[in-house]
Amino acid sequence: MSKLNWSHNAYYQRFLMRQLPTPCARVLDVGCGAGGFATELARRVEHVDAIDRSAVMIEEAKQAVPENVRCMLGDVLEQPLPDRTYDAIVSISTLHHMSLDEVLPVLARAVRPGGVIAAVALPRPDLVRELPVEVAAAIGHRVFGIVFRMLRARGRGSWYAVEATDDVMPVVLDPPLTTRQVRAQVAAILPGARVRRLVFWRYSLVWRKPG
């Protein structure tokens with residue numbers, strides 16, 4: 001692993017936090033991994049349900065999260081979710097492991113009217129349309145890596161350091177959909193949703209459920 005590597009997933013946590021509605025008391029974190037984002041959410045909201053289908057990740061999460069986070073081993077496509085319950089449903093680097101046609105209607109039923117679904121996931125490379133973004137990402141990754149490493153060396157925080165549990169997290173080297181294809185699918189399922197390409201090899205999806 002390069003010493004200049006850093007966690008793109010951790011970097012985009014702030015983006016997802018900004019999408020939370022007001023008020024926001026109950027959040028579902030889909031694909032919670034080792035519980036890092038669920039822990040951040042728990043500082044902002046009253047209750048977090050954190051779900052992951054990896055038993056290893058859930059055990060790691062249980063050791064890390066505060067008391068107002070409930071860790072659940074399961075798959076949102078199989079685990080019954082309460083209808084119209086969550087103020088927000090968030091997800092980092094999980095949707096590309098699933099069929100959007102299957103998972104988005106499930107999440108849409110579980111979020112309350114006026115609530116928000118906000119996710120960041122990996123797109124399939126689309127060099128014809130996104131070459132400038134890919135170039136910016138490659139350069140920015142290294143520049144940011146140098147800066148973040150310097151800040152960590154000076155004891156100024158973790159600065160998106162790659163966690164040890166990243167080695168056992170599932171990886172999709174070839175996500176099935178480009179950003180453009182994701183946008184087309186999402187528009188048919190969640191009218192009004194915003195899908196856009198982010199710089200560091202992610203796309204974002206934000207949808208507010210009509211009230």
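Small disclaimer: the values here were computed from a predicted structure and weren't measured. (Residues numbered from 1 in each chain as written. Predicted model: local features only at pLDDT ≥ 70, side-chain atom pairs only at ≥ 80, totals over all residues. Heavy atoms only, no water.)

## Some thoughts on helix α7 (residues 179-189)
To be explicit about the condition: Only protein chains enter the accessibility calculation, which uses a 1.4 Å probe; a residue is then buried when its area is under 20% of its type maximum, exposed when over 50%, and partly exposed in between. Under the DSSP-based scheme used, a helix requires at least four consecutive residues in state H or I and a strand at least two consecutive residues in state E, with every element numbered from the N terminus. By definition, the arc is the one covered by directions from the helix axis to the C-beta atoms. Here a residue-residue contact requires only that any non-hydrogen atoms of the pair lie within 4.5 Å.
Within the span of α7, buried status applies to Thr 179, Val 182 and Val 186. The buried residues of α7 occupy one face: seen down the axis, they fall within an arc of 55°. Looking at α7, the residues exposed on the side facing more than 90 degrees away from the buried face are Ala 184 and Ala 188. Tucked inside the fold, the buried residues of α7 contact α5 (100-110), α6 (127-153), β6 (194-198) and β7 (202-208).

## Things to note about unusual backbone geometry
Across the junction of Thr 22 and Pro 23, the peptide omega takes the value 0°, indicating a cis bond. Following the sequence through the fold, Pro 23 ends up in the loop between α2 (13-18) and β1 (26-30). The backbone of Arg 84 sits at a positive phi, close to 50°, despite the residue not being glycine. Position of Arg 84 relative to the elements: it lies in the loop between β3 (69-73) and β4 (86-92). You can call Arg 84 exposed: its relative accessible area is 56%.

## Section: the side chain of Thr 178
By secondary structure assignment, the location of Thr 178 is in the loop between α6 and α7. We classify Thr 178 as buried; its relative accessible area is 8%. Beyond its immediate stretch of four places on either side in the chain, Thr 178 contacts Pro 123, Arg 124, Pro 125 and Asp 126.

## Structural notes on the packing of aromatic side chains
To keep it simple, the criterion reads: Each Phe, Tyr or Trp ring (for Trp, its six-membered ring) is paired with any other whose centre lies within 6.5 Å, and the angle between the two planes then decides the class: stacked below 30 degrees, edge-to-face above 60, tilted in between.
Applying the stated criterion across every chain yields a total of 15 aromatic pairs. With centroids separated by 5.5 Å and ring planes inclined at 55°, the aromatic side chains of Phe 144 and Phe 200 adopt a geometry described as tilted. Placement of Phe 144 in helix α6 and of Phe 200 in the loop between β6 and β7 is noted, with a sequence separation of 56 residues between them. Residue classification places Phe 200 among the buried residues on the basis of a relative accessible area of 4%. The structure contains a cluster of three or more aromatic residues connected by ring pairs, namely Trp 6, Tyr 11, Tyr 12, Phe 144, Phe 148, Trp 159, Tyr 160, Phe 200 and Trp 201.

## A closer look at the nonpolar core
Burial of nonpolar side chains together is a common tendency in soluble globular proteins. As a reminder of what qualifies: We call a set of buried residues a nonpolar core when its members are Ala, Val, Leu, Ile, Met, Phe, Trp, Tyr or Cys and they connect through side-chain atoms within 4.5 Å of each other.
Leu 20, Leu 41 and Val 69 are the most contacted members of the largest nonpolar core, which totals 33 residues. Residue assignment for this core shows that the elements contributing at least two residues are α2, α3 (36-42), β2 (47-52), α4 (55-64), β3, β4, β5 (111-121) and α6. Among the elements that line this core, the one with the most residues is α3, at four residues. Those residues in contact with Val 69 that sit more than four places away from it in its chain are Ala 38, Ala 42, Val 48 and Ala 50. Core analysis: the next-biggest nonpolar cluster, separate from the first, contains 29 residues, Val 106, Ala 108, Leu 177 and Tyr 203 among them.

## Here we look at a positive patch on the surface
Stated precisely, the cut-off is as follows: Grouping into patches uses exposed residues only, defined as over 30% relative accessible area, and leaves out salt-bridged ones; the cut-off is 9 Å for like charges and 5 Å for nonpolar side chains (Val, Leu, Ile, Met, Phe, Trp, Tyr). We get accessible surface area from the Shrake-Rupley algorithm with a probe of 1.4 Å; when it comes to residues, only the shown protein chains can shield them. For this analysis, a salt bridge means a side-chain nitrogen from Lys or Arg found within 4 Å of a carboxyl oxygen belonging to Asp or Glu. The charge count treats Lys and Arg as positive and Asp and Glu as negative. His and the chain ends do not count. Charged groups are reduced to one reference atom each: NZ for lysine, CZ for arginine, CG for aspartic acid, CD for glutamic acid.
On the surface, a cluster of positive charge is contributed by Arg 14, Arg 18, Arg 194, Arg 196 and Arg 208. Put simply, the parts of the chain that give the positive patch at least two residues each are α2 and β6. With respect to the helices and strands, the residue Arg 196 is situated in strand β6. Here Arg 196 falls in the partly exposed class, since its relative accessible area comes to 45%.

## Section: α5
Two residues of an α-helix separated by three or four positions point the same way, owing to the 3.6 residues in each turn. Taken together, the buried positions of α5 are Leu 100, Val 103, Leu 104, Val 106, Leu 107, Ala 108 and Ala 110. Where α5 is buried, its residues touch β1, β4, β5, α7 and β7.

## As for the environment of Arg 152
Our working rule: Counting of polar contacts relies on pairs of N or O atoms within 3.5 Å, with two restrictions inside protein: one atom must be capable of donating a hydrogen and the other of accepting it, and residues adjacent in sequence are counted only when both atoms are side-chain atoms.
Topologically, Arg 152 is positioned in helix α6. Looking at Arg 152, the relative accessible area reads 22%, which means it is partly exposed. Between the C-alpha atoms of Arg 152 and Gln 13, which are 139 residues apart in sequence, the distance is 19 Å. Those residues in contact with Arg 152 that sit more than four places away from it in its chain are Lys 3, Asn 5, Gly 157, Ser 158, Trp 159, Tyr 160 and Ala 161. Here Ser 158 takes part through its backbone oxygen, which lies 3.5 Å from a polar atom of the side chain of Arg 152.

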